[in-house]
Amino acid sequence: MLKVIRESAGLTQERFAERLGVDTTTVQGWESGRRPLMATSTGTYLGLRQSLLSLGAPPRLLPQLDAALEADRFIGYVLSTKPGESIADDHPLASWVITRPFTDLVAWPFTSTAPSAISGVEKTASRRGPAGAGPSLAADERAHFFDHLKWAAESADVESVKGLLLRRQAHYVAGFDDSGGTADWLERTQRAEERRVGTQTGDWSPTWAVIRSGAHSLARVGDREGLQHFIRTRLADDTCELANLNYWAYWMGEVSEPQVSDMFMVELSPDDWRGTHLGRHLTSKLDAANPFVDVVVHTLWALVMLRPYVLDIQTADRLRERALRLFDGTELSAQSRRELEAVVYAQRMMHRG
């Protein structure tokens, strides 16, 4: 992330090192991970951020450097654990509800997909020699990382809110593993979770949040039916619908305060967030190739039913264009098709004339 931001400002490693008053090898060490940036003093780090800003780095990227340090710390924590080691009560995934920027950064070394926050960033600095397209880990480190997450999910205390948060988030992050066997593991753990809570579908609980994340993980690996089943059976009342919306609002940054448990999904008032950014994001994800398209449609439908005027005219126009393409295909479930038709109709009524 430091390299992305430096290059966006048109800085070579040599020029940046000169500005900071350090050797070029120091900057190289920070960017390669050989010399962890988090090991620097607070003063050095703040000076580095200020230099990036004064030298032309986009201000919106600087918070991503903070998030990258947090992701780095988490990956380092996991890699430092021993196989089968007891899961500590202060495990990072049991301490707070992770955000989209954090999750994008953690997934980057495993999926090779750059975080959404840096999409479109231009690199104007000249480069010498070959350079990696993003962070990477050795094969044994990758295996250790995902083995730990699976162990954490399986051994978490399902009788406590904190334990269920760990179970949910470890299960979700483990879903970024594309090696053989993980898809089967995701399905087994999801089915076990559903059996554990039984067929009662109308009530929200922290376990509901676990099943929600599990359905999303299954969709990522190709099982869209699991997500459709969740929508049909686990979004059965207003409390669960609002919990889903509150989570999306948090995920998209409309709820700025960090949350320490999944209870915020039912404790947060919808008046605490606007939904404008969420509406634009959901509209942009109306794509047949998106494995989450069904939950995107359903969440957009619930958002528009809650706040009919949440989409401005420009966003509503994009919505109609994307909806027409989806209607021409066969990817949407029958429920999603009905809900998207309702959203398009509602927006036409809101913005007619």
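The shown structure was predicted, so the numbers you read here are calculated from the model rather than taken from an experiment.

Cut-off values and rules
- Residues numbered from 1 in each chain as written.
- Predicted model: local features only at pLDDT ≥ 70, side-chain atom pairs only at ≥ 80, totals over all residues.
- Heavy atoms only, no water.
- Helix = DSSP H or I, 4+ residues; strand = E, 2+ residues; numbered from the N terminus.
- Rg over C-alpha atoms; globule rule 2.2 N^0.38 Å.
- Contact = heavy atoms within 4.5 Å.
- Areas by Shrake-Rupley, 256 points an atom, 1.4 Å probe, with all protein chains shown as cover.
- Lys, Arg positive; Asp, Glu negative; His and termini not counted.
- Charge placed at Lys NZ, Arg CZ, Asp CG, Glu CD.
- Salt bridge = Lys/Arg side-chain N within 4 Å of Asp/Glu carboxyl O.
- Buried < 20%, exposed > 50% of the residue type's maximum accessible area, 1.4 Å probe, protein only.
- Phe/Tyr/Trp six-rings, centres within 6.5 Å; stacked < 30°, edge-to-face > 60°.
- Axes fitted to C-alpha atoms, helices over the stretch in contact; angles between N-to-C directions.
- Parallel < 35°, antiparallel > 145°, perpendicular 65-115°, else oblique.
- Left-handed = near helix turned anticlockwise from the far one by under 90°.
- Nonpolar A, V, L, I, M, F, W, Y, C, P; charged D, E, K, R; others polar.

Caption draft 1: Expanded view of the overall build of the protein. On a plain count of helices and strands, the protein comes out with 17 helices and zero strands. Its C-alpha radius of gyration of 22 Å places the protein within 12% of the 20 Å reference for a compact globule of 353 residues. When the backbone C-alpha atoms are referred to their principal axes, the protein occupies close to 60 × 55 × 35 Å. Residue pairs in contact within the protein that sit at least 24 positions apart in sequence constitute 72% of those at least 6 positions apart. Summing over all exposed atoms, the protein offers an accessible surface of approximately 16,900 Å²; the carbon and sulfur share of this is 50%. Charge separation in the protein, taken as the distance between the mean sites of 40 positive and 46 negative side-chain charges, equals 5 Å.

Caption draft 2: Structural view of unusual backbone geometry. Even without a glycine there, the phi angle at Ser-112 is positive, about 60°. Mapped onto the fold, Ser-112 is located in the loop between helix H6 (100–111) and helix H7 (139–155).

Caption draft 3: Here's a closer look at the pattern of salt bridges. Here the structure, examined in full by the defined rule, presents 11 salt bridges. The partner of Asp-66 in a salt bridge is Arg-49, with the nearest N and O atoms 3.2 Å apart. With Asp-66 in helix H5 (residues 62–79) and Arg-49 in helix H4 (residues 42–54), this pair connects stretches of sequence that are 17 residues apart. Residue class for Asp-66 comes out partly exposed when judged on its relative accessible area of 34%. Between Glu-193 and Arg-167 there is a salt bridge, with its nearest N and O atoms 2.6 Å apart. Separated by 26 residues along the polypeptide, Glu-193 in helix H9 (residues 182–197) and Arg-167 in helix H8 (residues 161–174) bring together distant segments of the chain. According to the relative accessible area criterion, Glu-193 is buried, its value standing at 2%. Judged by relative accessible area, which is 15%, Arg-167 ranks as buried. Salt bridges sharing partners connect three or more residues here, namely Arg-167, Glu-193 and Arg-196.

Caption draft 4: Region of the structure containing the packing of aromatic side chains. The full count for this structure, using the stated rule, is 13 aromatic pairs. Here the aromatic rings of Tyr-247 and Trp-251 are separated by 6.1 Å at their centres, their planes lie at 20°, and the arrangement is stacked. Here the residue Tyr-247 and the residue Trp-251 both occupy positions in helix H12 (residues 238–251), the gap between them amounting to four residues, near one helical turn. Overall, the relative accessible area of 7% leaves Tyr-247 in the buried class. On the accessibility criterion, Trp-251 (13% relative accessible area) is buried.

Caption draft 5: Molecular detail of the packing of H8 against H9. Taken N-terminus to C-terminus, the directions of H8 and H9 make an angle of 150°; their axes are 10 Å apart at the nearest point. Considering the angle they form, H8 stands roughly antiparallel to H9. Our pair here, H8 against H9, has a crossing hand that is left-handed. The residues of H9 that touch H8, namely those facing Leu-164, Arg-167, His-171 and Ala-174, are Thr-182, Trp-185, Leu-186, Thr-189, Gln-190, Glu-193 and Arg-196. Of the residues that constitute the contact of H8 with H9, the class distribution is four nonpolar, four polar and three charged.

Caption draft 6: Quick look at helix H14 (residues 276–284). Taken residue by residue, H14 has Leu-278, Gly-279, His-281, Leu-282 and Thr-283 as its buried positions. Tucked inside the fold, the buried residues of H14 contact H6, H12, helix H15 (293–306) and helix H16 (313–328).

Caption draft 7: Geometry of the side chain of Ser-217. Mapping Ser-217 onto the fold places it in helix H10 (residues 206–220). On the basis of relative accessibility, which here comes to 0%, the residue Ser-217 falls in the buried class. Not counting residues up to four positions away in its chain, the partners in contact with Ser-217 are His-171, Tyr-172 and Leu-186.

So, to be careful, I would describe these as geometric facts and stop short of saying anything about function.
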